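# Working through the structure, step by step
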Amino acid sequence: MNVMAKAHVYAMGAHASAGDTLYHNNQPYITHLAEIARRVAAIPGATEDMVAAAWLHDVLVRTKCTFTDIHIAFGIDIAGLVLGVSNMFSEVVTKGVEDAPPEAHTIFCARMITDIRMIAAYAPQLGEVWFPFTARDALNALTKADPGILEEAHRTLDDAIAHVDSVNNGGV
C-alpha cells in the first residue's frame, strides 16, 4: 500500500473512531479530507507526502492521535507536515507562518478553499464576518503556497464574499 492510501485508511479510522462528522450535513469527516487530498494531488509537483499529509492534516486536532503516532506510522517528514498544517490555523493570523514549509502552506491553502466553500454554502452569517478579515489574512500569510492554488483560493474567497453578501442582503 502506498503512503497516500495508508494515510487515507489511517485518517478514516482515526476520524471514525472519534465520531467525527461534518457539522453542516453530518457526513463522515473523511469527505472533507478527501476533497483536500484530491485538490493537493492535482497540483503540479505535489508529492505523495503532501497528499498523505492532506489526508492526515486534522488528526492531531480532531482525534486522539498524537504527533508521535503519526511519526511512527508515517515518518518524520509527513508528521512534520501534519503538525505544520495543524498549527497553521491558530498561528496564521496571530503569529504568521514563516517557519512552515511551502508544502504546508499549499496543503493549508487547499483546506482554506474547502472551508470557504462550505461556510459560504452552509453558514453565510459566519462568512460575513470570517471571510473579509480572518480568511483574507490567512490567505495573505500563505506566501509560500503553490501560486496556482493560492490564486484559486483568492478567487474562491472573492466569489464567496459576493455570494454571502447577496444571501445576507436578501438575494439568492
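Residues numbered from 1 in each chain as written. Predicted model: local features only at pLDDT ≥ 70, side-chain atom pairs only at ≥ 80, totals over all residues. Heavy atoms only, no water.

Before going further, it helps to examine the confidence of the model for the chain. Residues with a pLDDT of 70 or more make up 94% of the chain, whose mean pLDDT is 89. Element-level mean pLDDT values for the chain span from 79 in helix H6 (residues 76-94) up to 97 in helix H3 (residues 48-56). (pLDDT = per-residue confidence, 0-100. Helix = DSSP H or I, 4+ residues; strand = E, 2+ residues; numbered from the N terminus.)

Ranked by size, the top nonpolar core spans 58 residues in total, and within it Trp-55, Leu-56, Val-59, Phe-131 and Leu-139 carry the most contacts. With 10 residues, the single largest contributor to this core is helix H7 (residues 102-122). With residues up to four places along the chain from it excluded, the contact list for Trp-55 reads Met-4, Ala-7, His-8, Ala-11, Ile-30, Leu-33, Ala-34 and Ala-37. (Core = buried A, V, L, I, M, F, W, Y, C linked by side-chain atoms within 4.5 Å. Buried < 20%, exposed > 50% of the residue type's maximum accessible area, 1.4 Å probe, protein only. Contact = heavy atoms within 4.5 Å.)

The next subject is the pattern of salt bridges. By the definition in use, this model includes 7 salt bridges. Asp-158 is paired through a salt bridge with Arg-136; the nearest N and O atoms lie 2.6 Å apart. Here Arg-136 lies in helix H8 (residues 124-141) and Asp-158 lies in helix H9 (residues 147-168), a separation of 22 residues in the sequence. A residue is classified by how much of its surface remains accessible, and Asp-158, at 40% relative accessible area, is partly exposed. For Arg-136, a relative accessible area of 22% corresponds to the partly exposed category. Residues joined in a network through salt bridges with shared partners are Glu-35, Arg-39, Arg-117 and Glu-152. (Salt bridge = Lys/Arg side-chain N within 4 Å of Asp/Glu carboxyl O.)

Taken as a whole, the largest pocket encloses approximately 320 Å³ of empty space. Around the largest pocket, the lining is made up of 16 residues, and of these Tyr-29, Arg-62, Arg-111, Asp-115 and Met-118 lie nearest the centre. At the level of elements, helix H4 (59-62), H6, H7 and H8 are the ones that each hand at least two residues to the lining of the largest pocket. The element best represented in the lining of the largest pocket is H7, accounting for 4 residues. (1 Å grid on protein atoms, 1.4 Å probe; cavity = no way out; pocket = protein on both sides within 12 Å on 5 of 7 lines; lining within 4 Å. Points joined across faces, edges and corners; volume = space filled by probe spheres on them.)

As a packed pair, helix H1 (residues 3-17) and H3 sit with axes 8 Å apart at the nearest point and diverge in direction by 5 degrees. In terms of orientation, H1 and H3 fall into the roughly parallel class. Facing Val-3, Met-4, Ala-7, His-8, Tyr-10 and Ala-11 of H1, the residues of H3 in contact are Glu-48, Asp-49, Val-51, Ala-52, Trp-55 and Leu-56. In terms of residue class, the contact of H1 with H3 is made up of 9 nonpolar, 1 polar and 2 charged. (Axes fitted to C-alpha atoms, helices over the stretch in contact; angles between N-to-C directions. Parallel < 35°, antiparallel > 145°, perpendicular 65-115°, else oblique. Nonpolar A, V, L, I, M, F, W, Y, C, P; charged D, E, K, R; others polar.)

Now for the packing of aromatic side chains. All chains considered together, the criterion is met by 2 aromatic pairs. Centroid distance Tyr-10 to Phe-74: 5.3 Å. Interplanar angle 85 degrees. Geometry classified as edge-to-face. Highlighted residues: Tyr-10 in helix H1 and Phe-74 in helix H5 (residues 67-74), separated in sequence by 64 residues. On the accessibility criterion, Tyr-10 (24% relative accessible area) is partly exposed. Classification of Phe-74 as buried rests on a relative accessible area of 11%. Stacked on the ring of Phe-74, the Lys or Arg Lys-6 has its end atom at 5.0 Å from the ring centre. (Phe/Tyr/Trp six-rings, centres within 6.5 Å; stacked < 30°, edge-to-face > 60°. Lys NZ or Arg CZ within 6 Å of the ring centre and 35° of its normal.)

We now examine a nonpolar patch on the surface. There is a patch of nonpolar side chains on the surface, built from Met-1, Val-9 and Met-12 and spanning about 330 Å² of accessible area. On the secondary structure map, Met-12 appears in helix H1. (Patch = residues over 30% accessible without salt bridge, like charges linked within 9 Å, V, L, I, M, F, W, Y side chains within 5 Å. Areas by Shrake-Rupley, 256 points an atom, 1.4 Å probe, with all protein chains shown as cover.)

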